[in-house]
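# Survey of secondary and tertiary structure
Residues per chain are reported as follows:
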Amino acid sequence: SPEPVSFYDKSIEEYAKVEPKHMYLEYALHYGKDVTPDKLVASAEFVRRELPVRLARSIRSFQNLPYIVCINPHVQSVCTKFCNAFQVMTS
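Here is a short report on the structure shown in this document.

### Focus on the overall build of the chain
Scanning the chain from N- to C-terminus turns up 5 helices and 0 strands. Put simply, the chain runs from its N terminus to its C terminus through helices and strands in the order α-α-α-α-α. Over its C-alpha atoms the chain spans a radius of gyration of 16 Å, topping by over 25% the 12 Å that the globule rule assigns to 91 residues. By principal-axis analysis of the C-alpha atoms, the chain measures approximately 50 × 30 × 25 Å. Each of the 91 residues in the chain was classed as buried or not, and the buried ones make up 20%. The contacts in the chain between residues at least 6 apart in sequence include a share of 75% that link residues at least 24 apart. Working note: accessible area of the chain is about 6900 Å², and carbon and sulfur atoms make up 61% of it. The chain carries 11 positive and 10 negative side-chain charges, and their two centres are separated by 3 Å.

Below is the structure:
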């Protein structure tokens, strides 16, 4: 089992620097019509590239919260889940 990702892992910062691609609802609705295997692969590839970036940016937002907010167990739980998802997506 891989070692858990640290809240301050350097790779999180690297991914967080990447600007996420914009996703427009109109494009998603059009793209979802007449689904083909190629469209499914392209969609999965988009998610594989974008999800780590978006998770890293969310984790960075958690890192910038005041300490009093970060020690809240519910906030810690959500951040831990984001870190774990980031690790799975980038390993």
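Still more ground to cover, so stick around.
### What about the packing of aromatic side chains?
Here the structure, examined in full by the defined rule, presents 2 aromatic pairs. Between Phe62 and Phe82, the ring centres sit 5.6 Å apart and the planes meet at 85°, which makes this aromatic pair edge-to-face. Here Phe62, found in helix α3 (residues 37-63), pairs with Phe82, found in helix α5 (residues 73-90); they are 20 residues apart in sequence, far enough to count as distant.

### Regarding the pattern of salt bridges
For the coordinates displayed, the defined rule picks out 4 salt bridges. Ionic pairing is found between Arg60 and Glu13, a salt bridge with its closest N-O pair at 3.9 Å. One end of the pair, Arg60, is in helix α3; the other, Glu13, is in helix α1 (residues 10-16), with 47 residues separating them in the sequence. For Arg54, the salt bridge goes to Glu50, with nearest N and O atoms at 3.3 Å. With Arg54 and Glu50 both in helix α3, this residue pair falls 4 residues apart, about one helical turn. Classification of Glu50 by relative accessible area gives buried; the value is 7%.

Rules and cut-offs
- Residues numbered from 1 in each chain as written.
- Predicted model: local features only at pLDDT ≥ 70, side-chain atom pairs only at ≥ 80, totals over all residues.
- Heavy atoms only, no water.
- Helix = DSSP H or I, 4+ residues; strand = E, 2+ residues; numbered from the N terminus.
- Rg over C-alpha atoms; globule rule 2.2 N^0.38 Å.
- Buried < 20%, exposed > 50% of the residue type's maximum accessible area, 1.4 Å probe, protein only.
- Contact = heavy atoms within 4.5 Å.
- Areas by Shrake-Rupley, 256 points an atom, 1.4 Å probe, with all protein chains shown as cover.
- Lys, Arg positive; Asp, Glu negative; His and termini not counted.
- Charge placed at Lys NZ, Arg CZ, Asp CG, Glu CD.
- Phe/Tyr/Trp six-rings, centres within 6.5 Å; stacked < 30°, edge-to-face > 60°.
- Salt bridge = Lys/Arg side-chain N within 4 Å of Asp/Glu carboxyl O.

By themselves these figures say nothing about function.
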